[in-house]
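For reference, the chains in residue letters:
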Amino acid sequence: MVIYVDTLIFTNVVIDYLLLCITSMIVKKNYNIIRLIISSLIGGVSSLYILVDSKSIIVDIIFKIIVGALMILVLCGNKKGLLLSYSVFLGISFLLNGCVIFLYNLVSPNVFYSDNFINYFNISPVLLIVLTSIIYFIIKIIQRIFIRKTAVSTANLSIQVGKLKLTYRALVDSGNTLSDPFGNSQIFVLSCDEFSNISLVLDEFELSRRNRLIPVKTVSSKCVLKAIRCDKAEILAQSKRYVFDNPIIASSIEPIENDCKAIIPANLLERICD
């Protein structure tokens, strides 16, 4: 079987990206997209190990463990849950590898290629990418269905800005897709009046230090929301408490429904660790 280096790296980047996304779903943690891509690239480049003339299974396993540790370290940094993410990633990686080996022993060798304890599908790279993309979207659809079934309609949101601490009844909104363009901070939305009240309490220096702008794209237009960097936020929902350091609160441009004063992204409650 002829293996092209560019195809080898690209297909493995796609597979590693999907494995990391599955890890994210299992541990219920959001990962920075840039770190996710870099980690996938590390995994893809490591597939060049197949060119090394080594047949030791022990060496191969140790190599996979080291590469997996590097990928998760880049992905998570020094954040809480590093060991859990690493364990889950290794588990699903070795499970996938075991399934491929099992299939390799069941079907014709022409279907799979195996070398240095690394296994590859002997199929068109385009077909492999299409299949992995389909699997990814199937997982996303299942995740969205699960979130809709388990989502709560409202929750309590507490915001701490300096010595000021306020609690609001918040709407859990599946349509809230705001993201921090300069990092991976969680973003919550407050009603315009509540946001203005917090801004008035802060002195000029504190306000200038905390001020942020969040770009928003709607169906009909694009705009920028005024925002403030907070010290801490807490969500209390279904007897569970979630804590966020240095989140961002943005000012809503539209009234918030159900007499709520804040908005929480619906998928946040399903994709974060306690």
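Presented here is an overview of the structure given in this document. (Residues numbered from 1 in each chain as written. Predicted model: local features only at pLDDT ≥ 70, side-chain atom pairs only at ≥ 80, totals over all residues. Heavy atoms only, no water.)

1. Considering a nonpolar patch on the surface
Here comes step 1: A contiguous nonpolar patch, built from Ile 33, Ile 34, Ile 37, Ile 38 and Leu 41 and spanning about 440 Å² of accessible area, is present on the exposed surface.
Here comes step 2: With respect to the element layout, Ile 34 can be found in helix H2 (residues 33–46). (Patch = residues over 30% accessible without salt bridge, like charges linked within 9 Å, V, L, I, M, F, W, Y side chains within 5 Å. Areas by Shrake-Rupley, 256 points an atom, 1.4 Å probe, with all protein chains shown as cover. Salt bridge = Lys/Arg side-chain N within 4 Å of Asp/Glu carboxyl O. Helix = DSSP H or I, 4+ residues; strand = E, 2+ residues; numbered from the N terminus.)

2. Looking at the packing of H2 against helix H3 (residues 57–76)
Here comes step 1: Where H2 meets H3, the closest approach of the two axes is 8 Å, and the angle between their N-to-C directions is 165°. In terms of axis orientation, H2 runs roughly antiparallel to H3. Crossing geometry of H2 relative to H3 is assigned as right-handed. For the pair H2 and H3, contact is made by Arg 35, Leu 36, Ile 38, Ser 39, Ile 42, Gly 43 and Ser 46 and by Phe 63, Val 67, Leu 70, Met 71, Ile 72, Leu 73, Val 74, Leu 75 and Cys 76, respectively.
Here comes step 2: A per-class count over the contact of H2 with H3 returns 12 nonpolar, 3 polar and 1 charged. (Axes fitted to C-alpha atoms, helices over the stretch in contact; angles between N-to-C directions. Parallel < 35°, antiparallel > 145°, perpendicular 65-115°, else oblique. Left-handed = near helix turned anticlockwise from the far one by under 90°. Contact = heavy atoms within 4.5 Å. Nonpolar A, V, L, I, M, F, W, Y, C, P; charged D, E, K, R; others polar.)

3. Here we look at the nonpolar core
Here comes step 1: Of all hydrophobic cores here, the largest spans 23 residues; its most connected members are Leu 157, Ile 159, Phe 188, Ile 235 and Ile 249.
Here comes step 2: Looking at this core, the elements that each hand over two or more residues are strand E3 (154–161), strand E4 (164–173), strand E5 (187–190), helix H6 (192–201), strand E8 (232–237), strand E9 (240–245) and strand E11 (262–265).
Here comes step 3: Examining the composition of this core, we find that 4 residues originate from one element, E3, more than from any other.
Here comes step 4: Formed by 16 residues, the second largest nonpolar core is a distinct cluster that contains Tyr 31, Met 71, Tyr 86 and Val 88. (Core = buried A, V, L, I, M, F, W, Y, C linked by side-chain atoms within 4.5 Å. Buried < 20%, exposed > 50% of the residue type's maximum accessible area, 1.4 Å probe, protein only.)

4. Overview of the packing of aromatic side chains
Here comes step 1: On inspection of all chains with the given rule, the structure shows 1 aromatic pair.
Here comes step 2: Ring centres 5.5 Å apart and planes at 65° place the aromatic pair Phe 188 and Phe 244 in the edge-to-face group. A residue pair is termed long-range when its members are at least 10 positions apart, and Phe 188 in strand E5 and Phe 244 in strand E9 qualify at 56 residues.
Here comes step 3: Since its relative accessible area comes to 8%, Phe 244 is described here as buried. (Phe/Tyr/Trp six-rings, centres within 6.5 Å; stacked < 30°, edge-to-face > 60°.)

5. With respect to the sheet that holds E5
Here comes step 1: As summarised here, the arrangement of the 9 strands in space is E6-E7-E10-E5-E11-E4-E3-E8-E9, forming an open sheet in which the pairing is mixed. With one partner strand each, in any of the chains shown, strand E6 (211–217) and E9 form the two edges of the open sheet. Strand-to-strand twist across the sheet, computed as the mean angle between neighbouring axes with direction ignored, equals 35°.
Here comes step 2: In the sheet, E3 pairs with E8 via 5 bridges, with the strands oriented antiparallel. Pairing of Asn 156 across the sheet is with Leu 236, part of E8. (Pairing = 2+ DSSP bridges.)

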